[in-house]
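Notes for the structure review
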Protein chains: 2
Amino acid sequence: MKADFIIAHAFVLTMEGKGVGMVQNGAIAVKGNMILAVGPSADILSAYQADRLIDGTGKLVMPGLIDAHIHTGLSIFRGMAQDMSHWMQKGLWPFIKNTDKKDALTGSLVTIIEGIKAGTTTFCDYDHNMNDIVSHYVKTGVRARVAETINELPDDIGTLPVGDLYPFDTALGNQRLQESIRLFETWHEQGDGRITCLFGPQGADMMGTELLLEVKALAEKYDTRIHMHVAQGDREIDQMVKRYGKRTIPFLDELGYLDSRLMAVHLTEATKDETYLVAKRGASMIYCAGSIGIIDGLVPPIMDFLEAGGQAALGSDQAPGNNCNNMFNEMKFAAILNKVKRSDPKAFPAWLSLRLATIESAIAIGLDHEIGSLKKGKKADILIVNLESPTLCPVFTDPIRNIVPNLVYSARGHEVETVIIDGQFIMEENQLVTVNEKEAIREAQQAAERISRRSGQDIMAAHSDVYQMMKDGYL
Amino acid sequence: MKADFIIAHAFVLTMEGKGVGMVQNGAIAVKGNMILAVGPSADILSAYQADRLIDGTGKLVMPGLIDAHIHTGLSIFRGMAQDMSHWMQKGLWPFIKNTDKKDALTGSLVTIIEGIKAGTTTFCDYDHNMNDIVSHYVKTGVRARVAETINELPDDIGTLPVGDLYPFDTALGNQRLQESIRLFETWHEQGDGRITCLFGPQGADMMGTELLLEVKALAEKYDTRIHMHVAQGDREIDQMVKRYGKRTIPFLDELGYLDSRLMAVHLTEATKDETYLVAKRGASMIYCAGSIGIIDGLVPPIMDFLEAGGQAALGSDQAPGNNCNNMFNEMKFAAILNKVKRSDPKAFPAWLSLRLATIESAIAIGLDHEIGSLKKGKKADILIVNLESPTLCPVFTDPIRNIVPNLVYSARGHEVETVIIDGQFIMEENQLVTVNEKEAIREAQQAAERISRRSGQDIMAAHSDVYQMMKDGYL
């Protein structure tokens, strides 16, 4: 049978089964956007022919990584908000209010490039202006599961004193809901099916009950999922208790929000009982190890959630306060932060991190029928990783194989040489094929200079810890 | 005045002063192995001429990173010991006993390459066979502060039941001490002065009092420092209490060991009082965030140590149980693990991590007269980092600069383009100049295959958690 290309003689991590599904001297055959077959090289090479045969000797072939939670629209502020208190109010707002859509779009593209270069093939992007951001994914050939952020907060919310109840603007809420519907109607299943849409209420504290229920009804109507921050910080819990006399999770449960349509992001402030409840109701949890570590100095209850039988995934969140969007970073932090949380070196082993960035993540975001593992009939989202890199060397295979621990604990991301998405070569031997990296960086730099000129006064007025560090010579 | 080369129009992080000493549009002039001048480009370019003028536009120029604690002799086992209990006994020993000097040397070279590529210019390497390993540093042109490991443990120590008191073999101890003296006599101040030697007792639990005192006397005689694990694990404390009825730190204090000659590595098990005592006595602390996170699931008391006024540095430790030797990894983990330990996002800001990998580290290891900052008269150990990388983009300069946070939290290490050590270009535009990377990797791979063949029986007999994972399909 004829394939478009075959990669053979590689270590193939299929991620099928309960473990990592390793095939030594394995091969994969691809036709169009589909995986034809995966298995031992001898079997694949005898059953398939291809015009292009890629020698996988010294390489690892694995499924593309999934970033289950990212806000690329904030990327333009990379490095502007960390090591500080009042992250959102003093860190982000002074920049956000001085940034237009065009500026934000340039940052978004740079982060997508950053992700691709570290093996991310599916981005669950969740942001304002998604109707514009989504074009990046269409043009670069990347897979994305996108949501427009929905809330009812006025644009000047950043000026509200800390602790005051947020005012809701239902007209704005409706406008954002309409943007979400437009996103769905325009982009769902576009880009040869690579683009799929979700609904993205920003948080139960940032919109009224009526709008939350409208979103829920729409998610059912369109038969899709809801990507939502849940119990993401003490700020949120405080708002919920002040407004409703209830914490977020019991509130959402009463509203019928906790079900398998929900991708609950963070759960930072969830109690053990609440965490178990979210798992029991069948909602998935998205865990952002790096960003919550930096922004809050906390480790969310991912271990409890998994122990309760919940379905979880890893995400990189936003660049101002992580400050990278690299799933290798997330895999490593997820493992080590949880070892430290439990004071147990056996906690959160490497294979678990890897599953939570591949097959488990695909299940958690509802795309496991297409991606997350290398299996006949799934979409061809494939990485080729150079095992002859100093960080992954040497390779032991017997009686213990060291590839997975080194991938999670030692790889930096740049060991990914080739990125294939939907059967197309998006990066080949470390060179991006579908996007001009230098131009993207130049445009983001120009945007940063515009934002810098406009935001000076607001940043000085906010006088954040970071601004003080700058004044003191620490930046 | 004539320089050999000038790098101009760069962001220059001098690391002088209490902060990061940033010079925008800065330049550095180098002659021989020495920094002639650092300052604004206009000043440097008017005062100096050079045959080679490097355009630093879009680049960051900074001091080379210092890895204050690394065992490169263990690198050949990268990825073989993590996510497990009994790390040393079941993880390392079955491999160590089946590995000869030649095998270990191949792994050492790969790790040195890994380090250089991520900007490490000084390696405090501490291992057995240092008389051989040191040749790598001499040949590659890297700076190293080396110690031969001294203990009195018999070679079959790995077979001792967990909890039994280690037997001491004074003949072996003396032999290792002689190796240390030979190291000093042969290599100290060699490689144009890049190689300096320390004494390296492995731990107070691994040798008798007499040998400890001999080492101390030698360090004084040679006027050098002692690189030593101190309170590195509950295993050590247990041995000390069983043997002497005292915990490590009070024991060492009575012995007169706690002074400014001591580089105390880990302090994992030090109480707050003990940590303060080490700081008060003027010993420095080497903190290995990644390795202790993986091996022990713990965060050593680095914050307490710094608050007590102690002098500290970061180190990457060994590849089997970190699993990388990349100071960017250490800087990021140091910051985030301590934020989480204190539940405080303001704890351990980016600039602190950067100082602990540069100038503070130089002070902690006793080389600040030569390295750690960019200053007239210091040795030219310099990195050129490409700021036009997706991970470091965009660059904001006003009113807040984001370079340092992105360097610590976003950079992976591969943004380092050029590495200059002692005035020599060791890596240029990501290409290593003095060592053949492919050959080094090939040789380490061959060594791993030899070790694999020899160690099978012992690994199966040890039946570690990692071996069980392999059997269960998780590796």
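Note that the structure is predicted; figures quoted are calculated from it, not measured.

Analysis parameters
For every chain, the first residue of the written sequence is number 1, and numbering continues from 1 along that sequence. A letter from A marks each chain and a number from 1 marks each ligand, given out in the order of writing. Per-residue local features are limited, in this predicted model, to residues with pLDDT of at least 70; the limit for side-chain atom pairs, both in listing and counting, is 80 or more; totals at the level of whole chains, interfaces and linings are taken over all residues. By convention in this description, side-chain values take in all heavy atoms of the structure and omit both hydrogens and water. UniProt positions are given in the numbering used here, feature names are shortened, and annotations may be inferred rather than shown by experiment. By definition, any uninterrupted DSSP run of H or I lasting at least four residues is a helix, any uninterrupted run of E lasting at least two residues is a strand, and each is numbered from the N terminus. Buried residues of nine kinds, namely Ala, Val, Leu, Ile, Met, Phe, Trp, Tyr and Cys, make up a nonpolar core once their side-chain atoms join them within 4.5 Å. We call a residue buried when its accessible area falls under 20% of the maximum for its residue type, exposed when it is over 50%, and partly exposed in between, using a 1.4 Å probe and counting protein chains only. What counts as a domain boundary in this text is fixed by an automatic or database domain assignment. We call two residues in contact whenever any of their non-hydrogen atoms come within 4.5 Å of each other. One speaks of a salt bridge when a side-chain nitrogen belonging to Lys or Arg is within 4 Å of a carboxyl oxygen belonging to Asp or Glu. We call Asp, Glu, Lys and Arg charged. Ala, Val, Leu, Ile, Met, Phe, Trp, Tyr, Cys and Pro are nonpolar, and the rest, Gly among them, are polar. In protein, a polar contact requires one atom able to donate a hydrogen and another able to accept it; more generally it is a pair of N or O atoms within 3.5 Å, and residues adjacent in sequence count only if both atoms are side-chain atoms. Pairs of cysteine sulfur atoms within 2.5 Å are identified as disulfides in what follows. When the copies are overlaid, the least-squares fit takes in C-alpha atoms only where the residue has pLDDT of at least 70 in both copies. Centre distance within 6.5 Å is the pairing criterion for rings of Phe, Tyr and Trp, where only the six-membered ring of Trp is used; planes under 30 degrees apart are then read as stacked, over 60 as edge-to-face, and the remainder as tilted. Two strands qualify as a pair provided that DSSP identifies no fewer than 2 bridges between them.

Considerations on the UniProt feature "domain: Amidohydrolase-related" (unreviewed entry) in chain A
- The UniProt feature table records "domain: Amidohydrolase-related" (unreviewed entry) at residues 60–424 of chain A.
- Within the segment residues 60–424 of chain A, helix and strand shares are 40% and 17% respectively, and the terminal C-alpha atoms sit 18 Å apart.

Some points on the nonpolar core
- One finds A:Leu13, A:Met228, A:Leu354, B:Leu13 and B:Leu354 to be the most contacted residues of the largest nonpolar core, which totals 294 residues.
- If you count residues domain by domain, this core takes at least three from each of domain 1 (2–63 + 377–432) and domain 2 (65–365) of chain B.
- A:Leu354 has contacts with A:Leu13, A:Met15, A:Val20, A:Met62, A:Met331, A:Val404, A:Leu407 and A:Val408, leaving out every residue within four places of it along the chain.
- Counting 17 residues, the second-largest nonpolar core is a separate cluster that includes B:Cys288, B:Ile292, B:Ala364 and B:Ile371.

So, unusual backbone geometry
- Cis peptide bonds are those with omega within 30 degrees of zero, and the linkage from B:Cys393 to B:Pro394 qualifies with -5°.
- Here B:Pro394 is to be found in the loop between strand 14 (382–386) and helix 15 (403–409).
- Cis geometry is adopted by the peptide bond preceding B:Pro399, which originates at B:Asp398 and carries an omega value of 0°.
- Note that B:Pro399 resides in the loop between strand 14 and helix 15.
- Backbone geometry places A:Glu189, a non-glycine residue, at a positive phi of 70°.
- Looking at the element boundaries, A:Glu189 is found in the loop between helix 5 (170–187) and strand 9 (195–201).
- In this structure, B:Asp317 takes a positive phi of about 60° despite not being glycine.
- With respect to the helices and strands, the residue B:Asp317 is situated in the loop between strand 13 (311–314) and helix 12 (327–342).

Things to note about the interface of chain B and chain A
- The interface of chain B with chain A comprises 89 residues on the first partner and 89 residues on the second.
- Counting across the interface, chain B meets chain A through four salt bridges.
- Between A:Lys339 and B:Asp83 there is a salt bridge whose closest N-O contact spans 2.5 Å.
- Those elements that place two or more of their residues in the side of chain B that touches chain A are helix 3 (101–117), helix 10 (289–296), helix 12, helix 13 (350–356), helix 15, helix 16 (437–462) and helix 17 (465–471) of chain B.
- At nine residues, helix 16 of chain B tops the list of elements feeding residues into the side of chain B that touches chain A.
- When its residues are assigned to classes, the side of chain B that touches chain A shows 45 nonpolar, 27 polar and 17 charged.

As for the side chain of B:Asn386
Residue and element names in this part refer to chain B.
- By the secondary structure assignment, Asn 386 is in strand 14.
- Taking the relative accessible area as the measure of exposure, Asn 386 reaches 16% and is therefore buried.
- Among the polar contacts listed, one links the side chain of Asn 386 to the side chain of Glu 417, at a separation of 3.2 Å.

Brief notes about the state of the cysteines
- Overall, the coordinates contain zero disulfides over all chains when judged by the stated rule.
- With no disulfide partner, A:Cys124 has as its closest neighbouring cysteine sulfur the one in A:Cys288, 11 Å distant.

Some points on the relation of the copies chain B and chain A
- Between the two copies, chain B and chain A, the superposition gives an RMSD of 0.0 Å; the rotation angle is 180° and the shift along the axis is 0.0 Å. Within this description, the copies of the chain are treated as partners about a two-fold rotation axis. Of every C-alpha in chain B, the one belonging to B:Arg412 sits nearest the axis of rotation, 2.8 Å from it.
- Take the interface residues of chain B: 100% of them recur as interface residues in chain A, which is what a same-surface contact looks like.

Here we look at the side chain of A:His69
Residue and element names in this part refer to chain A.
- With respect to the helices and strands, His 69 occurs in strand 6 (residues 65–70).
- Engagement of the side chain of His 69 in a polar contact is seen with the side chain of His 227, the distance being 2.8 Å.
- With residues near it in sequence (within four places) discarded, His 69 still touches Cys 124, Tyr 126, His 227, His 229, Val 265, His 266, Ile 286, Cys 288, Leu 314, Gly 315, Ser 316 and Asp 317.

A word on the packing of aromatic side chains
- All told, the structure shown has 19 aromatic pairs over all chains when counted by the stated rule.
- Seen from their ring centres, A:Phe95 and B:Phe396 are 5.8 Å apart, and the 70° between their planes marks the pair as edge-to-face. Taken together, the residues A:Phe95 in helix 2 (residues 87–96) and B:Phe396 in the loop between strand 14 and helix 15 connect one chain to another.
- Residue class for A:Phe95 comes out buried when judged on its relative accessible area of 2%.
- Members of the aromatic cluster, each reached through a chain of ring pairs, are A:Phe77, A:Phe95 and B:Phe396.

Concerning the pairing of strand 15 (residues 416–421) of chain B
Residue and element names in this part refer to chain B.
- Most of strand 15 sits inside the fold, with six of its six residues counted as buried.
- Across four bridges, the pairing between strand 14 and strand 15 is antiparallel. Looking at the pairing, Ile 384 lines up with Thr 418 of strand 15.
- By the bridge criterion, three bridges tie strand 15 to strand 16 (residues 424–428) in an arrangement that is antiparallel. Along strand 16, the bridge assignment pairs Ile 420 with Phe 425.
- The antiparallel hairpin formed by strand 15 and strand 16 contains two residues in its connecting segment, where Asp 422 sits at a positive phi of about 55°.

Section: the pattern of salt bridges
Residues and elements named next belong to chain B.
- Going through the model one piece at a time under the given rule, you end up with 54 salt bridges over all chains.
- Between Glu 417 and Lys 59 there is a salt bridge, with the nearest N and O atoms lying 2.9 Å from each other. Pair noted here: Glu 417 is in strand 15 and Lys 59 is in strand 5 (residues 59–63), with a separation of 358 residues, a long-range link.
- The exposure class assigned to Glu 417 is buried, which follows from its relative accessible area of 13%.

A short note on the environment of B:Ala312
Residue and element names in this part refer to chain B.
- In this structure, Ala 312 sits in strand 13.
- When its relative accessible area of 2% is taken as the criterion, Ala 312 is described as buried.
- Expressed as a C-alpha distance, the spacing of Ala 312 and Ala 279, which sit 33 residues apart in the sequence, is 9.2 Å.
- Apart from residues no more than four positions distant in its own chain, Ala 312 is found in contact with Met 285, Ile 302, Phe 305, Leu 306, Leu 356, Glu 360, Ser 361 and Ala 364.

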